[in-house]
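# Working through the structure, step by step
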Amino acid sequence: MGLHPLEFSECYLDSPGFREKIKSHEAELEKTNRFIKELYKDGKNLINATKQLGMAQRKFAQCLGEFQFEYIGDAKTDDEKCIDDSLLEFSSFLKNLEDQRELMMRNITETLMKPLEKFRKEQLGAARAERKKYEKETEKYYSSLEKLLNMSAKKKEPQLQEADSQVELMRLHFQEESLDYVCKLQEIQERKKFECVEPMLAFFQTVFTFYHQGFELANDFDHYKQALQINIQNTRSRFEGARLEVHELMKRIREAPQEYRQTSPISSEGYLYVQEKRPPPFGSSWVKRYCTFVKEQKILHMVTFDHRSGGKMGETESVTLKSCVRKTTDVLDRRFCLDLDITDRPGTVLTVQSMSEDDHKFWMQAMGGKEPVGHYLGRTCSKERGIDAQLDDLGLTFVQNSINAIEKRGINDQGLYRVVGVSSKVQKLLSLMIEEKSHEVDLSTSEEWDVKTITSALKLYLRSLPEPLMTYGLYKDFINPAKSGSPESRFQAIHCLVHKLPDKNQHTLGLVLKHLANVADHSKQNLMTVANLGVVFGPTLMRPQEETVAAIMDLKFQNIVVEILIEQHQKIFAGAPESCPAPGGPVLLAPTRQSKKVARQNRPLAVYNPQALDIKSVSPDGGSPTPAADDGSTGSSDSVESQPSSHSALVATPSDTPPEKSGHTPLSSPLSNTSTGRANFLGGASCAGSAGSRETNLTGAVSSDEAPAEESVPVARKAEAVYPCEAEHDSELSFQIGAIFTGVTPSREPGWLEGELEGKKGLIPENYVKFL
């Protein structure tokens, strides 16, 4: 059973049972006092621990935001730009989360800690003070009563009457104090039920609001996460392709290093030991120097460099070469030596020693030595695999035959063009088809050759051509637009370059790209998206004349060029462009070609404050519109795999891409309609938006429901939609381009307007319309 009620009538009797009831009430209040003190102490510890967590999270976020990836080469792909910006995005995400946590801690102090401490000090403290007063009056009254009762009856009547009146007065004071104390005890016992629990409710509302903000932030982050997954997948695919090429190049260089020695038509470089003669009797010494010979000016630059001395570089010495003669071992007992006749020092001969026999031949050839040597043999691709492939009528027939077979028999095969055939069968098929027998075999009906063998043979044929379809001469011209420029300028430049190709190259390229576009259209079945096809056919359709690691680093840009060709093949091959951009002209910085992102939403943090709750404003049903889920695409491994890359046509052309709508959240309960405890929710910007999208507002504005006393009435205007929009909430309007809105006025939601369309009123994204 609970506490016994304290009857006011018992204050006059003051029975032992009544006193026991008062003691049980006092014990309960003391227990409540200890509970609140302990809770306050634990709450302080919780706040301090959370502050420490927040500091660690912020330090972690700062570390993420300060790091920057370096890249190899002279430009980054759009995917790499997004990946580079991702650490800053993660840092922003954590900082936003910590801002909410910090706000939560401040609200916990205001809504839980201070009210509980106030109740303990004011109410329970007042009860203690009343108890002391009650005990004092009790002691006073009963002492006076005992003294009165012990008085002699023989005293005079006035003395007895005065004593009686004094005791009566004390009795009245005691009973008054007893009534007040009993009332206070029962009042506090009842008051503690809501005075203690209401702050706890506010505490949990604040905590749940924080976790809900985290949930909303995660929802907003979801679209960016999916886009980043695609960026990472594309970059990994390109890395795998580049790694295979690098390993192949490394293997070939290891087998014949001299053939792949780094030389340019302008200069030759390498190490030589230079003889430095000293006056007798010191003789001479040999010093290792890194030499660069400029062929046109015949200038030899020499820098002293010794790897064993910590790689310290000395001064550069330059001499002009007159002639180079091989030095025989009969004259000098050292191999691989050359005598250089120097113009700067008439009569002076500079003796140098190369590193090996091959090195010796190399320098003899570079410096125009008198002894004839074999010239530098560059690798060609026409005989790379023993296949003499040519871009002739037989080759074109084979390409068309292969495409017909693939589209008829294997257009839906998973991993088409990625799954390779058996090497011996592939070479056998290609040899058969390019030896004037292609008309004898119809690959679309032949069961002898499976689809993967045909796809591999087609790729091998294109790779084995003496010159790639997109030619060596235009290689750099094709690569440059992919490294910079807007999507539109990239398309224009590539469109022009395609029509500069020889007729046969252009015709064959058109056949291949039309086929690849058809393959990409079936990507849901074959999993070969435009991005995947770009990885496969980038090095097949175009490649540099010289094989170097730097050239392999450009593979990712080859992929981008091929992706654009596949996506825009109909426009490109419909006809030559009317005008072409001037070569070397200024280009705009490229925004990422990425699907529409969902902007971070500025959601005010609603904190439960019972003192600010306006009961009159609560509707009878207590309900209000509930916001629908954000329209971010839900990710899965299949959708990520089957989506095109960030360079693919996930959106229309840049001019058709709408800007981002500002985020808004309809009030989900009356509790959010408070005048205090609101704070703006900082949104992080995605790595880059589609062309035409406006910047995400990073600061936002503090929302408040407190309107000024006098407010000017906004003028209703007409507006026209410049982008289509599909409503995400019941309070929004859906519309198409050209829709006319009437009665358009600013909304309390930042970035939104209110208007009417076809008799329906609702919210309109401000940056989707123009005023008439």
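Below: a short report on this structure. (Residues numbered from 1 in each chain as written. Predicted model: local features only at pLDDT ≥ 70, side-chain atom pairs only at ≥ 80, totals over all residues. Heavy atoms only, no water.)

All right, on to the overall build of the protein then. Secondary structure summary: the protein contains 17 helices and 11 strands in total. In the protein, which comprises 772 residues, the share counted as buried stands at 43%. In the protein, the share of contacts with a sequence separation of at least 24, taken over all contacts with a separation of at least 6, comes to 72%. Split by element, the accessible area of the protein, about 42,100 Å² in all, is 54% carbon and sulfur. (Helix = DSSP H or I, 4+ residues; strand = E, 2+ residues; numbered from the N terminus. Buried < 20%, exposed > 50% of the residue type's maximum accessible area, 1.4 Å probe, protein only. Contact = heavy atoms within 4.5 Å. Areas by Shrake-Rupley, 256 points an atom, 1.4 Å probe, with all protein chains shown as cover.)

Right, let's get into the packing of aromatic side chains. In the structure shown here, the tally under the stated rule is 18 aromatic pairs. Between the aromatic rings of phenylalanine 93 and phenylalanine 221, the centroid separation amounts to 4.8 Å while the plane-to-plane angle is 45°, which identifies the pairing as tilted. Of this pair, phenylalanine 93 sits in helix H3 (residues 78–149) while phenylalanine 221 sits in helix H4 (residues 157–255); the two residues are 128 residues apart in sequence, bridging distant segments of the chain. What makes phenylalanine 221 buried here is its relative accessible area of 14%. Taken together, the aromatic side chains of Tyr134, Tyr141, Tyr142, Phe174 and Tyr181 make up a single cluster linked through ring pairs. When the ring centre of tyrosine 271 is taken as origin, the NZ or CZ atom of lysine 288, which lies over that ring, is 5.1 Å away. Here the basic side chain of arginine 717 rests over the ring of phenylalanine 771, its NZ or CZ set 4.2 Å away from the ring centre. (Phe/Tyr/Trp six-rings, centres within 6.5 Å; stacked < 30°, edge-to-face > 60°. Lys NZ or Arg CZ within 6 Å of the ring centre and 35° of its normal.)

Another point: the nonpolar core. Judged by nonpolar contacts, the single largest core of 62 residues is most densely connected at Tyr417, Leu443, Tyr461, Phe478 and Leu541. Those elements giving two or more residues to this core turn out to be helix H6 (393–409), helix H7 (423–437), helix H8 (451–464), helix H9 (475–483), helix H10 (487–498), helix H11 (503–521), helix H13 (530–541) and helix H15 (555–567). Those residues within four positions of leucine 541 in sequence are excluded, and the remaining contacts are Leu462, Pro468, Leu469, Met470, Leu509, Val512, Leu513 and Val562. Residues Cys11, Leu97, Ala127 and Leu185 belong to the second largest nonpolar core, which totals 38 residues. (Core = buried A, V, L, I, M, F, W, Y, C linked by side-chain atoms within 4.5 Å.)

Before going further, it helps to examine the side chain of threonine 453. Tracing the chain through its elements places threonine 453 in helix H8. Classification of threonine 453 by relative accessible area gives buried; the value is 1%. Side-chain polar atoms of threonine 453 contact the side chain of aspartate 450, separated by 2.3 Å. Residues contacting threonine 453, with those up to four places away along its chain left out, are Gly421, Lys425, Val426 and Leu429. (Polar contact = N/O pair within 3.5 Å; in protein donor to acceptor, adjacent residues only side chain to side chain.)

Glancing now at the sheet that holds strand E6 (residues 349–353). Strand order around the closed barrel formed by six strands is E1-E2-E3-E4-E5-E6, with antiparallel pairing between neighbours. Within this sheet the neighbouring strands show an average axis-to-axis angle of 50°, counted without direction. The sheet contact formed by strand E2 (residues 284–294) and strand E3 (residues 299–306) spans six bridges and is antiparallel. Paired with arginine 289 across the bridge in E3 is threonine 304. Contacts from helix H5 (residues 357–366) reach strand E1 (267–277), E2, strand E4 (312–327) and strand E5 (337–342) within the one sheet, and its direction differs from that of E1 by about 105°. (Pairing = 2+ DSSP bridges. Axes fitted to C-alpha atoms, helices over the stretch in contact; angles between N-to-C directions.)

Looking now at the side chain of threonine 77. For threonine 77, the position within the fold is in the loop between helix H2 (16–66) and H3. Beyond its immediate stretch of four places on either side in the chain, threonine 77 contacts Arg238, Lys556, Phe557 and Ile560.

What the rule picks out here adds up to 33 salt bridges. Across the salt bridge formed by arginine 490 and aspartate 78, the nearest N and O atoms sit 3.0 Å from each other. Here arginine 490, found in helix H10, pairs with aspartate 78, found in helix H3; they are 412 residues apart in sequence, far enough to count as distant. Both residues of the pair, arginine 490 and aspartate 78, belong to the buried class. Glutamate 317 is paired through a salt bridge with arginine 289; the nearest N and O atoms lie 2.7 Å apart. Taken as a pair, glutamate 317 in strand E4 and arginine 289 in strand E2 lie far apart in primary sequence, 28 residues in all. Here glutamate 317 falls in the partly exposed class, since its relative accessible area comes to 27%. The network of salt bridges with shared partners includes Arg58, Asp99, Glu102 and Arg106. (Salt bridge = Lys/Arg side-chain N within 4 Å of Asp/Glu carboxyl O.)

With that settled, the discussion passes to empty space enclosed by the protein. To find leftover empty space, a probe the size of one water molecule is rolled over the atoms. Going through the model one piece at a time under the given rule, you end up with two cavities of 30 Å³ or more. The computed volume of the second largest cavity comes to approximately 30 Å³. Counting residues per element, the ones that place at least two in the lining of the second largest cavity are H4 and H13. Looking at which element gives the most residues to the lining of the second largest cavity, the answer is H4, with four residues. (1 Å grid on protein atoms, 1.4 Å probe; cavity = no way out; pocket = protein on both sides within 12 Å on 5 of 7 lines; lining within 4 Å. Points joined across faces, edges and corners; volume = space filled by probe spheres on them.)

Here we come to the sheet that holds strand E8 (residues 740–746). Overall, antiparallel pairing links the five strands, which are arranged E10-E9-E8-E7-E11 in an open sheet. One side of each edge strand has no neighbouring strand; the edge strands of this open sheet are strand E10 (760–765) and strand E11 (769–771). Taken over all neighbouring pairs, the strand axes of this sheet differ in orientation by 40° on average, direction set aside. Relative to E10, strand E9 (residues 752–757) runs antiparallel, the two being bridged by six bridges. Bridging across to E10, leucine 753 finds its partner in isoleucine 764.

Distances and angles like these do not, on their own, reveal function.
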